[in-house]
Amino acid sequence: MGESTAPAKQAARKGQDGEHAMTIARLTDAERDAALASLPGWTLREDGLAICRTFRFADFAQAFAFMTRVAIVAEKADHHPEWFNVYNRVEVTLTTHDADGLSKRDVALAREMDGFA
Ligand SMILES: C[C@H](O)[C@H](O)[C@H]1CNC2=NC(N)=NC(=O)C2=N1
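What counts and how
- Residues numbered from 1 in each chain as written.
- Predicted model: local features only at pLDDT ≥ 70, side-chain atom pairs only at ≥ 80, totals over all residues.
- Heavy atoms only, no water.
- Helix = DSSP H or I, 4+ residues; strand = E, 2+ residues; numbered from the N terminus.
- Buried < 20%, exposed > 50% of the residue type's maximum accessible area, 1.4 Å probe, protein only.
- Contact = heavy atoms within 4.5 Å.
- Salt bridge = Lys/Arg side-chain N within 4 Å of Asp/Glu carboxyl O.
- Phe/Tyr/Trp six-rings, centres within 6.5 Å; stacked < 30°, edge-to-face > 60°.

Enquirer: How should the overall build of the protein chain be read in this particular structure?
Expert: Per the secondary structure count, the protein chain includes four helices and four strands. Along the protein chain, helices (α) and strands (β) appear in the sequence α-α-β-β-α-β-β-α when read from the amino end. Taken across its 117 residues, the protein chain has 34% of its residues classed as buried. Taking the contacts inside the protein chain whose residues are at least 6 apart along the sequence as the reference set, 62% of them involve residues at least 24 apart.

Structural data, given as structure tokens:
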């Protein structure tokens, strides 16, 4: 466990992006389409509320190393992926529960994942 409390982390995030932790804005349709166009490999979930991508690696060790790197940045950003791993495959879904849909946090995390893969 780290030293800072959950409220402290929320306050820190609030200071960083100037938004209240619970009122992160949902992307507009135009923002969502622009984000998707800049994220090859990611697709919009049928309900339009999440983006998805399947990553494939050489083996389980590579897949799990990727998940470990993602977990560290996700925890730091307090924004967590939904994912499913079998051996060398990692199926990822990104959505923002606090926004009931997509937010810029999903786009940022998708870019970080692409950078790690
Ligand atoms: C209290 C805490 O800040 C929230 O529950 C965070 C945690 N991680 C999260 N992850 C995702 N994907 N969406 C959220 O809205 C979210 N909210």
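Enquirer: How should the pattern of salt bridges be read in this particular structure?
Expert: When the charged atoms of two side chains lie near each other, side chains of opposite charge can form a pair. According to the stated counting rule, one finds five salt bridges in the structure shown. Here D47 ties to R45 by a salt bridge, and the two come within 2.9 Å at their closest N and O atoms. Exposure remark for R45: the relative accessible area of 32% places this residue in the partly exposed category. Put simply, R53 and D114 hold a salt bridge, and the shortest N to O gap is 2.8 Å. Of the two residues, R53 is situated in strand β2 (residues 51-56) and D114 in helix α4 (residues 104-116); the sequence distance between them amounts to 61 residues. Here the residues in one salt-bridge network are D29, R32 and D33, joined through shared partners.

Enquirer: Which parts of the structure should I look at to understand the packing of aromatic side chains?
Expert: Both the distance between ring centres and the angle between the ring planes are used here to describe each pair of aromatic rings. Applying the stated criterion to the full structure yields five aromatic pairs. Judged by centre distance (4.9 Å) and plane angle (45 degrees), the rings of F55 and F66 are tilted. Remark: F66 occurs in helix α3 (residues 60-77) and F55 occurs in strand β2; sequence separation between them is eleven residues. Across the pair, exposure class does not vary: F55 and F66 are buried alike. Three or more aromatic residues link up through ring pairs in this structure, and these residues are W42, F55, F57 and F66.

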